[in-house]
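A look at the structure
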Amino acid sequence: MPNPVPQSVATRVGLVFGGRSGEHEVSIRSARTVAEALSTGANRQRYRIILHYVTRDGRWIVGDGATAALSGTIPVTPDDRLPRLPTTARQVDVWFPVLHGPNGEDGTVQGLFTLLDQPFVGTGVLGAAVGMDKQAMKAAFAAAGLPQVRYVCATADGLAHPDELVNRVEQHLGYPCFVKPANLGSSVGISKAGDRGALLTGLRAAARLDNRLVVETAVTARELECAVLGDGNLNASVVGEILYDTAWYDYTTKYSPGHSSLVIPASVPPSVRDQVRRLAIRATQAVGAYGLGRVDFFYQEKGRTLYVNEINTMPGFTSQSMYPLLWQASGVTTEELVHRLIELAQVRHQRRNFTSAH
Ligand SMILES: Nc1ncnc2c1ncn2[C@@H]1O[C@H](COP(=O)(O)OP(=O)(O)O)[C@@H](O)[C@H]1O
Ligand SMILES: [Mg+2]
(Lines give C-alpha, C1' and ligand atoms only; values in the text may rest on other atoms or scores of the structure.)
(Ligands and ions follow the chains in the order given, each with its own letter.)
Protein backbone atom coordinates (compact mmCIF):
# COMPACT_ATOMS: atom_id res chain seq x y z
CA MET A 1 0.00 0.00 0.00
CA PRO A 2 1.49 3.38 -0.94
CA ASN A 3 1.53 5.90 1.85
CA PRO A 4 -1.29 8.34 1.25
CA VAL A 5 -0.08 11.94 1.09
CA PRO A 6 -1.52 13.88 4.02
CA GLN A 7 -4.55 15.94 2.98
CA SER A 8 -2.81 19.17 3.86
CA VAL A 9 -0.22 18.54 1.14
CA ALA A 10 -2.84 18.01 -1.55
CA THR A 11 -3.59 21.07 -3.67
CA ARG A 12 -7.11 22.29 -3.01
CA VAL A 13 -8.91 22.82 -6.31
CA GLY A 14 -11.97 25.09 -6.41
CA LEU A 15 -13.97 23.49 -9.20
CA VAL A 16 -16.57 25.99 -10.40
CA PHE A 17 -19.50 24.87 -12.56
CA GLY A 18 -23.10 25.62 -13.55
CA GLY A 19 -23.32 29.35 -14.09
CA ARG A 20 -25.66 31.88 -15.57
CA SER A 21 -25.26 31.10 -19.26
CA GLY A 22 -27.41 28.95 -21.53
CA GLU A 23 -24.67 26.33 -21.25
CA HIS A 24 -25.42 25.63 -17.56
CA GLU A 25 -26.24 21.96 -18.14
CA VAL A 26 -23.21 21.36 -20.35
CA SER A 27 -21.05 22.95 -17.68
CA ILE A 28 -22.32 20.45 -15.10
CA ARG A 29 -21.45 17.57 -17.43
CA SER A 30 -18.05 19.08 -18.18
CA ALA A 31 -17.37 19.47 -14.45
CA ARG A 32 -18.21 15.80 -13.86
CA THR A 33 -15.48 14.82 -16.32
CA VAL A 34 -12.98 17.19 -14.72
CA ALA A 35 -13.89 16.03 -11.18
CA GLU A 36 -13.46 12.40 -12.18
CA ALA A 37 -10.10 13.11 -13.83
CA LEU A 38 -8.94 14.97 -10.72
CA SER A 39 -9.84 11.94 -8.60
CA THR A 40 -8.11 9.34 -10.78
CA GLY A 41 -4.65 7.78 -10.54
CA ALA A 42 -1.88 10.06 -9.29
CA ASN A 43 -4.32 12.99 -9.14
CA ARG A 44 -6.07 11.35 -6.17
CA GLN A 45 -3.06 12.12 -4.04
CA ARG A 46 -2.31 15.45 -5.64
CA TYR A 47 -5.69 17.15 -5.43
CA ARG A 48 -8.60 17.72 -3.14
CA ILE A 49 -11.68 19.07 -4.90
CA ILE A 50 -13.85 21.78 -3.38
CA LEU A 51 -16.99 21.96 -5.51
CA HIS A 52 -18.53 25.37 -6.22
CA TYR A 53 -21.87 25.33 -7.97
CA VAL A 54 -23.08 28.60 -9.47
CA THR A 55 -26.87 28.65 -9.80
CA ARG A 56 -28.66 29.96 -12.89
CA ASP A 57 -29.14 33.27 -11.07
CA GLY A 58 -25.48 33.52 -10.14
CA ARG A 59 -25.45 32.36 -6.49
CA TRP A 60 -22.43 30.39 -5.31
CA ILE A 61 -23.12 27.14 -3.42
CA VAL A 62 -20.52 24.90 -1.76
CA GLY A 63 -20.83 21.68 0.27
CA ASP A 64 -23.77 19.30 -0.05
CA GLY A 65 -25.69 21.56 -2.44
CA ALA A 66 -22.75 21.61 -4.85
CA THR A 67 -22.30 17.84 -4.58
CA ALA A 68 -25.98 17.33 -5.38
CA ALA A 69 -25.74 19.70 -8.35
CA LEU A 70 -22.78 17.81 -9.77
CA SER A 71 -24.63 14.52 -9.54
CA GLY A 72 -27.61 16.01 -11.34
CA THR A 73 -30.06 16.55 -8.49
CA ILE A 74 -30.01 20.32 -8.59
CA PRO A 75 -31.42 22.02 -5.52
CA VAL A 76 -33.01 24.98 -7.27
CA THR A 77 -34.68 26.69 -4.40
CA PRO A 78 -33.95 30.31 -5.24
CA ASP A 79 -32.37 31.88 -2.21
CA ASP A 80 -31.51 35.58 -2.29
CA ARG A 81 -29.34 35.24 0.79
CA LEU A 82 -26.77 33.12 -1.01
CA PRO A 83 -23.64 35.06 -2.03
CA ARG A 84 -22.85 36.14 -5.58
CA LEU A 85 -19.15 35.64 -4.88
CA PRO A 86 -17.15 32.74 -3.46
CA THR A 87 -16.69 33.07 0.30
CA THR A 88 -14.27 30.16 0.37
CA ALA A 89 -11.25 31.74 -1.31
CA ARG A 90 -8.95 31.04 1.63
CA GLN A 91 -9.64 27.33 1.38
CA VAL A 92 -8.77 27.18 -2.32
CA ASP A 93 -5.26 26.95 -3.76
CA VAL A 94 -6.20 27.01 -7.42
CA TRP A 95 -9.48 27.68 -9.23
CA PHE A 96 -10.73 25.50 -12.07
CA PRO A 97 -13.65 27.31 -13.69
CA VAL A 98 -15.55 24.95 -15.99
CA LEU A 99 -18.05 27.58 -17.03
CA HIS A 100 -19.05 28.03 -20.65
CA GLY A 101 -20.42 31.16 -22.33
CA PRO A 102 -21.28 34.55 -20.83
CA ASN A 103 -20.21 35.12 -17.19
CA GLY A 104 -17.75 32.28 -17.35
CA GLU A 105 -15.84 32.22 -20.59
CA ASP A 106 -15.88 35.98 -21.19
CA GLY A 107 -13.41 37.38 -18.68
CA THR A 108 -15.83 38.06 -15.83
CA VAL A 109 -14.94 35.13 -13.58
CA GLN A 110 -11.30 35.47 -14.68
CA GLY A 111 -11.42 39.07 -13.39
CA LEU A 112 -12.73 37.84 -10.06
CA PHE A 113 -9.87 35.36 -9.60
CA THR A 114 -7.36 37.99 -10.73
CA LEU A 115 -8.64 40.37 -8.06
CA LEU A 116 -8.41 37.58 -5.50
CA ASP A 117 -4.79 37.13 -6.64
CA GLN A 118 -5.26 33.38 -6.94
CA PRO A 119 -4.21 31.01 -9.73
CA PHE A 120 -6.92 29.81 -12.09
CA VAL A 121 -7.07 27.39 -14.99
CA GLY A 122 -7.39 28.78 -18.48
CA THR A 123 -6.91 32.10 -20.12
CA GLY A 124 -6.96 35.51 -18.43
CA VAL A 125 -9.41 38.37 -18.76
CA LEU A 126 -8.22 39.61 -22.13
CA GLY A 127 -8.13 36.29 -23.98
CA ALA A 128 -11.50 35.26 -22.56
CA ALA A 129 -13.20 38.55 -23.41
CA VAL A 130 -11.76 38.83 -26.91
CA GLY A 131 -12.37 35.14 -27.61
CA MET A 132 -16.00 35.41 -26.51
CA ASP A 133 -17.08 38.46 -28.50
CA LYS A 134 -17.30 37.50 -32.17
CA GLN A 135 -16.72 41.10 -33.34
CA ALA A 136 -13.58 41.51 -31.22
CA MET A 137 -12.39 37.99 -32.05
CA LYS A 138 -12.74 38.58 -35.80
CA ALA A 139 -10.93 41.92 -35.56
CA ALA A 140 -8.06 40.21 -33.70
CA PHE A 141 -7.93 37.38 -36.25
CA ALA A 142 -7.95 39.90 -39.11
CA ALA A 143 -5.13 41.88 -37.50
CA ALA A 144 -3.11 38.66 -37.28
CA GLY A 145 -3.75 37.95 -40.97
CA LEU A 146 -5.75 34.77 -40.32
CA PRO A 147 -8.10 33.54 -43.06
CA GLN A 148 -11.78 34.13 -42.29
CA VAL A 149 -15.05 34.18 -44.20
CA ARG A 150 -16.27 37.63 -45.23
CA TYR A 151 -18.26 39.38 -42.53
CA VAL A 152 -20.04 42.56 -41.55
CA CYS A 153 -20.41 43.87 -37.99
CA ALA A 154 -23.67 45.44 -36.87
CA THR A 155 -25.47 46.53 -33.74
CA ALA A 156 -29.02 46.04 -32.56
CA ASP A 157 -29.35 49.82 -32.55
CA GLY A 158 -28.58 49.78 -36.27
CA LEU A 159 -31.95 48.09 -36.78
CA ALA A 160 -33.53 51.47 -36.25
CA HIS A 161 -32.59 51.93 -39.94
CA PRO A 162 -33.19 48.41 -41.23
CA ASP A 163 -32.87 49.21 -44.93
CA GLU A 164 -29.46 50.77 -44.47
CA LEU A 165 -28.22 47.74 -42.52
CA VAL A 166 -29.67 45.16 -44.91
CA ASN A 167 -28.30 47.07 -47.92
CA ARG A 168 -24.85 47.05 -46.35
CA VAL A 169 -25.01 43.27 -45.84
CA GLU A 170 -26.28 42.72 -49.39
CA GLN A 171 -23.56 44.91 -50.83
CA HIS A 172 -20.71 43.22 -48.92
CA LEU A 173 -21.92 39.63 -48.62
CA GLY A 174 -25.13 38.73 -50.43
CA TYR A 175 -26.99 35.48 -49.74
CA PRO A 176 -26.95 33.02 -48.12
CA CYS A 177 -25.47 34.48 -44.98
CA PHE A 178 -25.33 33.66 -41.27
CA VAL A 179 -26.58 36.09 -38.64
CA LYS A 180 -25.10 35.79 -35.15
CA PRO A 181 -25.29 37.54 -31.81
CA ALA A 182 -21.66 38.33 -30.91
CA ASN A 183 -21.69 36.97 -27.35
CA LEU A 184 -23.57 33.71 -26.95
CA GLY A 185 -22.37 30.29 -28.03
CA SER A 186 -24.00 26.89 -28.56
CA SER A 187 -25.46 28.33 -31.79
CA VAL A 188 -28.12 30.18 -29.76
CA GLY A 189 -29.65 33.06 -31.71
CA ILE A 190 -27.86 32.10 -34.96
CA SER A 191 -29.79 31.77 -38.21
CA LYS A 192 -29.09 31.30 -41.88
CA ALA A 193 -30.70 33.78 -44.23
CA GLY A 194 -31.40 33.14 -47.91
CA ASP A 195 -33.16 36.41 -48.70
CA ARG A 196 -33.87 39.91 -47.43
CA GLY A 197 -36.89 38.88 -45.36
CA ALA A 198 -35.04 36.10 -43.59
CA LEU A 199 -32.07 38.38 -42.99
CA LEU A 200 -34.25 40.97 -41.30
CA THR A 201 -36.01 38.32 -39.20
CA GLY A 202 -32.63 36.84 -38.23
CA LEU A 203 -31.20 40.23 -37.32
CA ARG A 204 -34.21 41.04 -35.15
CA ALA A 205 -34.00 37.66 -33.38
CA ALA A 206 -30.26 38.03 -32.73
CA ALA A 207 -30.76 41.63 -31.59
CA ARG A 208 -33.05 40.42 -28.81
CA LEU A 209 -30.09 38.53 -27.33
CA ASP A 210 -27.18 40.91 -27.88
CA ASN A 211 -26.54 44.47 -28.99
CA ARG A 212 -23.48 43.36 -30.96
CA LEU A 213 -24.14 41.33 -34.11
CA VAL A 214 -22.14 39.70 -36.86
CA VAL A 215 -23.27 38.66 -40.35
CA GLU A 216 -21.11 36.30 -42.40
CA THR A 217 -21.06 34.83 -45.88
CA ALA A 218 -22.34 31.26 -45.62
CA VAL A 219 -19.82 28.75 -46.88
CA THR A 220 -20.34 25.10 -47.78
CA ALA A 221 -17.54 23.42 -45.90
CA ARG A 222 -16.47 20.65 -43.58
CA GLU A 223 -16.00 21.60 -39.91
CA LEU A 224 -12.63 20.81 -38.35
CA GLU A 225 -11.50 21.46 -34.79
CA CYS A 226 -8.14 21.53 -33.06
CA ALA A 227 -7.32 21.68 -29.34
CA VAL A 228 -4.61 23.91 -27.91
CA LEU A 229 -2.78 23.50 -24.60
CA GLY A 230 0.06 25.46 -23.04
CA ASP A 231 1.28 28.91 -22.19
CA GLY A 232 3.90 30.72 -24.20
CA ASN A 233 4.83 27.45 -25.77
CA LEU A 234 1.47 26.30 -27.16
CA ASN A 235 0.81 22.74 -28.31
CA ALA A 236 -1.82 21.76 -30.87
CA SER A 237 -3.60 18.40 -30.80
CA VAL A 238 -4.50 16.11 -33.67
CA VAL A 239 -7.35 17.49 -35.80
CA GLY A 240 -10.95 16.34 -35.43
CA GLU A 241 -14.04 16.72 -37.60
CA ILE A 242 -17.69 17.19 -36.70
CA LEU A 243 -20.19 15.37 -38.89
CA TYR A 244 -23.92 16.05 -38.65
CA ASP A 245 -27.07 15.11 -40.50
CA THR A 246 -28.71 18.54 -40.41
CA ALA A 247 -28.24 21.65 -42.59
CA TRP A 248 -25.79 23.24 -40.15
CA TYR A 249 -24.50 22.68 -36.62
CA ASP A 250 -27.38 24.33 -34.75
CA TYR A 251 -28.40 24.02 -31.09
CA THR A 252 -30.58 20.92 -31.55
CA THR A 253 -27.90 19.15 -33.56
CA LYS A 254 -25.32 19.94 -30.90
CA TYR A 255 -27.33 18.73 -27.92
CA SER A 256 -29.75 16.05 -29.06
CA PRO A 257 -28.12 12.66 -29.32
CA GLY A 258 -27.76 10.96 -32.67
CA HIS A 259 -27.49 13.98 -34.96
CA SER A 260 -23.76 14.46 -34.89
CA SER A 261 -20.57 12.49 -34.51
CA LEU A 262 -16.89 13.17 -34.13
CA VAL A 263 -14.17 11.80 -36.36
CA ILE A 264 -10.74 11.78 -34.72
CA PRO A 265 -8.39 12.15 -36.43
CA ALA A 266 -10.13 13.91 -39.29
CA SER A 267 -9.52 12.44 -42.69
CA VAL A 268 -7.72 15.32 -44.38
CA PRO A 269 -4.45 15.57 -46.31
CA PRO A 270 -1.37 15.98 -44.09
CA SER A 271 -0.75 19.50 -45.41
CA VAL A 272 -4.25 20.56 -44.34
CA ARG A 273 -3.82 18.91 -40.95
CA ASP A 274 -0.53 20.74 -40.39
CA GLN A 275 -1.99 24.03 -41.48
CA VAL A 276 -4.95 23.62 -39.09
CA ARG A 277 -2.55 23.01 -36.21
CA ARG A 278 -0.45 26.06 -37.05
CA LEU A 279 -3.53 28.26 -37.49
CA ALA A 280 -4.98 27.01 -34.18
CA ILE A 281 -1.90 28.24 -32.34
CA ARG A 282 -1.85 31.55 -34.20
CA ALA A 283 -5.57 32.08 -33.50
CA THR A 284 -5.00 31.48 -29.79
CA GLN A 285 -2.15 33.97 -29.77
CA ALA A 286 -4.16 36.47 -31.81
CA VAL A 287 -6.78 36.85 -29.07
CA GLY A 288 -4.18 36.82 -26.29
CA ALA A 289 -5.40 33.49 -24.88
CA TYR A 290 -3.41 30.76 -23.15
CA GLY A 291 -3.99 27.64 -21.06
CA LEU A 292 -6.56 25.86 -23.15
CA GLY A 293 -8.63 26.55 -26.22
CA ARG A 294 -10.40 24.84 -29.07
CA VAL A 295 -10.16 26.48 -32.47
CA ASP A 296 -12.85 25.67 -35.04
CA PHE A 297 -12.43 25.81 -38.81
CA PHE A 298 -14.33 25.64 -42.06
CA TYR A 299 -12.56 23.52 -44.66
CA GLN A 300 -13.42 23.51 -48.35
CA GLU A 301 -11.89 20.55 -50.12
CA LYS A 302 -11.93 22.35 -53.42
CA GLY A 303 -8.82 24.50 -53.33
CA ARG A 304 -7.96 23.12 -49.88
CA THR A 305 -9.19 26.36 -48.35
CA LEU A 306 -9.28 26.84 -44.59
CA TYR A 307 -11.09 29.57 -42.67
CA VAL A 308 -10.81 30.09 -38.92
CA ASN A 309 -14.37 30.17 -37.58
CA GLU A 310 -13.88 30.76 -33.87
CA ILE A 311 -12.00 30.04 -30.66
CA ASN A 312 -13.58 28.70 -27.49
CA THR A 313 -11.42 29.41 -24.46
CA MET A 314 -13.40 27.05 -22.21
CA PRO A 315 -14.46 24.35 -24.64
CA GLY A 316 -16.90 21.59 -23.75
CA PHE A 317 -15.17 19.16 -21.39
CA THR A 318 -17.73 16.34 -21.14
CA SER A 319 -16.59 12.78 -21.67
CA GLN A 320 -17.99 13.05 -25.23
CA SER A 321 -16.48 16.46 -25.96
CA MET A 322 -13.98 17.20 -28.69
CA TYR A 323 -11.44 18.90 -26.41
CA PRO A 324 -10.56 15.97 -24.10
CA LEU A 325 -11.04 13.45 -26.93
CA LEU A 326 -8.58 15.30 -29.17
CA TRP A 327 -5.99 15.20 -26.40
CA GLN A 328 -6.62 11.51 -25.74
CA ALA A 329 -5.99 10.85 -29.41
CA SER A 330 -2.80 12.92 -29.10
CA GLY A 331 -1.58 10.74 -26.22
CA VAL A 332 -2.65 12.92 -23.29
CA THR A 333 -5.14 11.23 -20.95
CA THR A 334 -7.80 13.41 -19.36
CA GLU A 335 -6.18 12.71 -15.99
CA GLU A 336 -2.87 14.10 -17.31
CA LEU A 337 -4.66 16.94 -19.10
CA VAL A 338 -6.30 18.39 -15.97
CA HIS A 339 -3.01 18.03 -14.08
CA ARG A 340 -1.15 19.97 -16.78
CA LEU A 341 -3.83 22.66 -16.82
CA ILE A 342 -3.47 23.17 -13.07
CA GLU A 343 0.32 23.29 -13.33
CA LEU A 344 0.05 25.90 -16.08
CA ALA A 345 -2.25 27.97 -13.85
CA GLN A 346 0.20 27.82 -10.97
CA VAL A 347 3.23 28.73 -13.06
CA ARG A 348 1.39 31.62 -14.69
CA HIS A 349 0.37 32.96 -11.27
CA GLN A 350 3.90 32.75 -9.91
CA ARG A 351 5.22 34.54 -12.97
CA ARG A 352 2.58 37.24 -12.66
CA ASN A 353 3.47 37.88 -9.03
CA PHE A 354 7.13 37.94 -9.92
CA THR A 355 6.53 40.42 -12.75
CA SER A 356 4.32 42.72 -10.69
CA ALA A 357 6.85 42.71 -7.85
CA HIS A 358 9.66 43.88 -10.15
N1 LIG B 1 -20.25 31.43 -42.23
C2 LIG B 1 -20.75 30.23 -42.06
N3 LIG B 1 -20.89 29.36 -43.10
C4 LIG B 1 -21.42 28.11 -42.90
N5 LIG B 1 -21.84 27.65 -41.72
C6 LIG B 1 -21.75 28.47 -40.65
C7 LIG B 1 -21.19 29.78 -40.76
N8 LIG B 1 -21.21 30.35 -39.55
C9 LIG B 1 -21.76 29.44 -38.71
N10 LIG B 1 -22.09 28.32 -39.36
C11 LIG B 1 -22.71 27.12 -38.76
O12 LIG B 1 -23.24 27.49 -37.50
C13 LIG B 1 -22.55 26.80 -36.45
C14 LIG B 1 -22.42 27.69 -35.22
O15 LIG B 1 -21.71 28.87 -35.54
P16 LIG B 1 -20.56 29.43 -34.61
O17 LIG B 1 -20.08 30.71 -35.19
O18 LIG B 1 -19.56 28.36 -34.41
O19 LIG B 1 -21.36 29.77 -33.28
P20 LIG B 1 -21.23 29.24 -31.77
O21 LIG B 1 -20.23 30.15 -31.13
O22 LIG B 1 -22.58 29.41 -31.21
O23 LIG B 1 -20.74 27.82 -31.83
C24 LIG B 1 -21.24 26.38 -37.06
O25 LIG B 1 -20.68 25.27 -36.40
C26 LIG B 1 -21.67 26.06 -38.50
O27 LIG B 1 -22.33 24.79 -38.59
MG1 LIG C 1 -19.10 27.08 -32.81
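Definitions and cut-offs
Residues numbered from 1 in each chain as written. Chains lettered and ligands numbered in written order. Predicted model: local features only at pLDDT ≥ 70, side-chain atom pairs only at ≥ 80, totals over all residues. Heavy atoms only, no water. Helix = DSSP H or I, 4+ residues; strand = E, 2+ residues; numbered from the N terminus. Rg over C-alpha atoms; globule rule 2.2 N^0.38 Å. Buried < 20%, exposed > 50% of the residue type's maximum accessible area, 1.4 Å probe, protein only. Contact = heavy atoms within 4.5 Å. Areas by Shrake-Rupley, 256 points an atom, 1.4 Å probe, with all protein chains shown as cover. Salt bridge = Lys/Arg side-chain N within 4 Å of Asp/Glu carboxyl O. UniProt positions renumbered as here; feature names shortened; annotations may be inferred. Pairing = 2+ DSSP bridges. Axes fitted to C-alpha atoms, helices over the stretch in contact; angles between N-to-C directions. Near = heavy atom within 4 Å. Polar contact = N/O pair within 3.5 Å; in protein donor to acceptor, adjacent residues only side chain to side chain. Nonpolar A, V, L, I, M, F, W, Y, C, P; charged D, E, K, R; others polar. Domains from an automatic or database assignment. Buried area = accessible area lost by both parts, 1.4 Å probe.

1. Examining the overall build of the protein
Helix and strand counts for the protein stand at 12 helices and 13 strands. On C-alpha atoms alone, the protein measures out to a radius of gyration of 21 Å, which is about the 21 Å that the 2.2 N^0.38 rule sets for 358 residues. Expressed along its principal axes, the backbone C-alpha trace of the protein runs to roughly 70 × 50 × 50 Å. A buried classification covers 50% of the 358 residues belonging to the protein. Contacts spanning at least 24 positions in sequence make up 68% of the contacts within the protein whose residues lie at least 6 apart. Carbon and sulfur atoms form 52% of the exposed surface of the protein, whose accessible area is close to 16,300 Å².

2. Points about the pattern of salt bridges
Counted according to the given criterion, the structure contains 20 salt bridges. Put simply, Asp79 and Arg81 hold a salt bridge, and the shortest N to O gap is 3.1 Å. By relative accessible area, which is 22% here, Asp79 ends up partly exposed. Among the ionic pairs, Arg352 bridges to Asp117, the shortest N-O distance being 3.6 Å. With Arg352 in helix 12 (residues 334-357) and Asp117 in the loop between helix 4 (108-116) and helix 5 (125-132), this pair connects stretches of sequence that are 235 residues apart. On the accessibility criterion, Asp117 (38% relative accessible area) is partly exposed. Each of the salt bridges in this network shares a partner with another, and the network as a whole consists of Asp57, Arg59 and Asp80.

3. A look at the UniProt feature "domain: ATP-grasp" (unreviewed entry) in the protein
Taking the UniProt record as the reference, the feature "domain: ATP-grasp" (unreviewed entry) is found at residues 138-343. Here residues 138-343 runs as 33% helix and 31% strand, with 30 Å between its end C-alpha atoms.

4. With respect to the sheet that holds strand 10 (residues 233-244)
Read across the sheet, 5 strands follow the order 11-10-9-12-13 without closing on themselves; strand pairing throughout is antiparallel. Across the chains shown, the open sheet's two edge strands, defined by having one partner strand only, are strand 11 (260-263) and strand 13 (305-312). Adjacent strand axes in the sheet meet at a mean angle of 30 degrees when their direction is disregarded. Of the strand pairs in this sheet, strand 9 (residues 222-231) and strand 12 (residues 291-300) are connected by 9 bridges, and their pairing is antiparallel. The partner of Val228 across the bridge, within strand 12, is Gly293. On the sheet, helix 10 (residues 270-286) packs against strand 9, strand 10, strand 12 and strand 13 and is oriented at approximately 115 degrees with respect to strand 10.

5. Focus on the site of ligand 1
Within the structure, ligand 1 sits among 20 residues, and Lys134, Lys180, Ser187, Glu216 and Glu223 are positioned closest to it. Lys180 has a polar side-chain atom sitting 2.6 Å from an oxygen atom of ligand 1. Between Glu223 and ligand 1, the recorded distance is 2.5 Å, taken from a side-chain N or O atom to an oxygen atom. In the complex, the protein chains occlude 95% of the 550 Å² of accessible area that ligand 1 would expose alone. Residue composition of the shell around ligand 1, by class: 9 nonpolar, 5 polar and 6 charged. Taken domain by domain, the makeup of the shell around ligand 1 includes at least three residues from each of domain 2 (132-146 + 220-313) and domain 3 (151-217).

6. Some remarks on helix 11 (residues 322-329)
For helix 11, the complete set of buried residues consists of Met322, Tyr323, Pro324, Leu326 and Trp327. Positive backbone phi, at 95 degrees, marks Gly331, one or two positions downstream of helix 11.

7. As for the domain arrangement of the protein
When its domains are assigned, the protein resolves into domain 1 (7-121), domain 2 (132-146 + 220-313) and domain 3 (151-217). Distance from the C-alpha centre of domain 2 to the C-alpha centre of domain 3: 22 Å. In this complex, domain 2 contributes 15 residues to the contact, which on the side of domain 3 involves 19 residues. In total, domain 2 and domain 3 occlude about 1,400 Å² of area from one another, counting both sides; carbon and sulfur atoms represent 53% of this. Glu216 is the salt-bridge partner of Lys138, the closest N and O atoms lying 2.9 Å from each other. The interface formed by domain 2 and domain 3 includes 10 residue pairs in polar contact (both at pLDDT 80 or more).

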